[in-house]
Amino acid sequence: MIDLKTAWTQSRDRLKAAGIDSPVIDARLLLEAATGASRTDIVTDPYRALTAEQMATLDAYVERRCRREPVSKIIGRAGFWKILLRVTADVLSPRPDTEAILDVVLPQFTEHRAFDLLDLGTGSGAILLAILAERPAARGVGTDVSFEALAVAKENAANLGLAGRASFLRTEWGDGLAPGTFDLVVSNPPYIPTAVIPTLDPEVRDHDPVLALDGGADGLDAYRALAPQILALLKPGRPFAVEIGYDQAESVMALFVAEGATDVRTTQDLGRRDRVVSGFRPVPG
């Protein structure tokens, strides 16, 4: 019989041979999912034997990862900020880069302040639910055009105990929502130029929904629609924050400035790449 330590080592070696970038971490996550063991179990009880069923499950997981399926899609969950989310083929796997949005917006709202939040193109609900988890007096709405994505977001809200403060609406961005309603609007829209999508890593190209990736010929289609909507949906003086591609800061900032946004700026992610454009709806007068 194979024990936890041996299974981890063998899985790591298979992933490394397949050219996977993070074989040690991925092997551990797959081992935990296949066996129900925790990270602590692997360290403190390394010689625990795997059952035949667990070995078969782990082997299948590792094989899928070798074919470049993301770990999050294999095990059906992914961490984002401080929450754990269910993910499926119908939603983007949340990425650490997107957490830069929370770095921008959370300092603008004290912990117990009540406010209304809108997440346009919510997908799994990652941004919306991470903010609500940090701000217990806030309420939020997530929109998406995908029924399947909204089902995932609703499940995540329920699993996190946030269903009472989060609601979801199927619509194109903010269509149908009342102007001047929200204290904060956030979005991680599709921003990959169409011609670039075939060149993306297989984990993204083959396993994330194209609808959530394709930003049109220049990657800016979504921002052209979002800039006027976001400014209209915000209350005067309230902030917005949108994720961008690393080379899109100047273009996206210009779109929001043209709509009258004030204090428009760019924030970098931990990799020191431009990642978030933020600003405010102006106050009349």
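This is a predicted model, so every value here is computed, not measured.

Caption draft 1: How the structure looks around the packing of helix H1 (residues 4-17) against helix H4 (residues 52-66). The N-to-C vectors of H1 and H4 enclose an angle of 20 degrees; their axes lie 10 Å apart at closest approach. The pairing of H1 with H4 is recorded here as roughly parallel in orientation. In the packing of H1 onto H4, the handedness of the crossing is right-handed. Within the contact between the two elements, H1 uses Ala7, Ser11, Arg14 and Leu15 and H4 uses Leu58, Asp59, Val62, Glu63, Arg65 and Cys66. Grouping the amino acids of the contact of H1 with H4 by side-chain chemistry returns 5 nonpolar, 1 polar and 4 charged.

Caption draft 2: Local environment of the nonpolar core. Of all hydrophobic cores here, the largest spans 32 residues; its most connected members are Leu118, Ile230, Phe240, Val242, Val252, Phe256 and Val277. Of all the secondary-structure elements, those providing two or more residues to this core are strand E3 (116-120), helix H10 (221-233), strand E7 (239-243) and helix H11 (249-258). It is H10 that contributes the most residues to this core, 7 residues altogether. Other than its neighbours up to four places away in sequence, Leu118 contacts Val141, Thr143, Leu177, Phe182, Leu184, Val185, Val186 and Leu233. Core analysis: the next-biggest nonpolar cluster, separate from the first, contains 30 residues, Val104, Phe109, Ala126 and Leu150 among them.

Caption draft 3: Local environment of the sheet that holds E7. The 7 strands lie next to each other as E5-E4-E3-E6-E7-E9-E8, forming an open sheet whose pairing is mixed. Both outer strands of the open sheet, strand E5 (166-170) and strand E8 (262-268), are each paired with one neighbouring strand and no more. Taking each pair of neighbouring strands and ignoring which way they run, the sheet shows an average axis angle of 15 degrees. Across 3 bridges, the pairing between strand E6 (residues 184-187) and E7 is parallel. Opposite Val185, over in E7, you have Phe240 as the bridge partner. Together, strand E4 (139-144) and E5 form the strand contacts of helix H8 (residues 147-159), whose direction differs from that of E5 by roughly 175 degrees. Its contacts with the sheet place H11 against E7, E8 and strand E9 (274-280), and it is angled at close to 160 degrees to E8.

Conventions and cut-offs
- Residues numbered from 1 in each chain as written.
- Predicted model: local features only at pLDDT ≥ 70, side-chain atom pairs only at ≥ 80, totals over all residues.
- Heavy atoms only, no water.
- Axes fitted to C-alpha atoms, helices over the stretch in contact; angles between N-to-C directions.
- Helix = DSSP H or I, 4+ residues; strand = E, 2+ residues; numbered from the N terminus.
- Parallel < 35°, antiparallel > 145°, perpendicular 65-115°, else oblique.
- Left-handed = near helix turned anticlockwise from the far one by under 90°.
- Contact = heavy atoms within 4.5 Å.
- Nonpolar A, V, L, I, M, F, W, Y, C, P; charged D, E, K, R; others polar.
- Core = buried A, V, L, I, M, F, W, Y, C linked by side-chain atoms within 4.5 Å.
- Buried < 20%, exposed > 50% of the residue type's maximum accessible area, 1.4 Å probe, protein only.
- Pairing = 2+ DSSP bridges.

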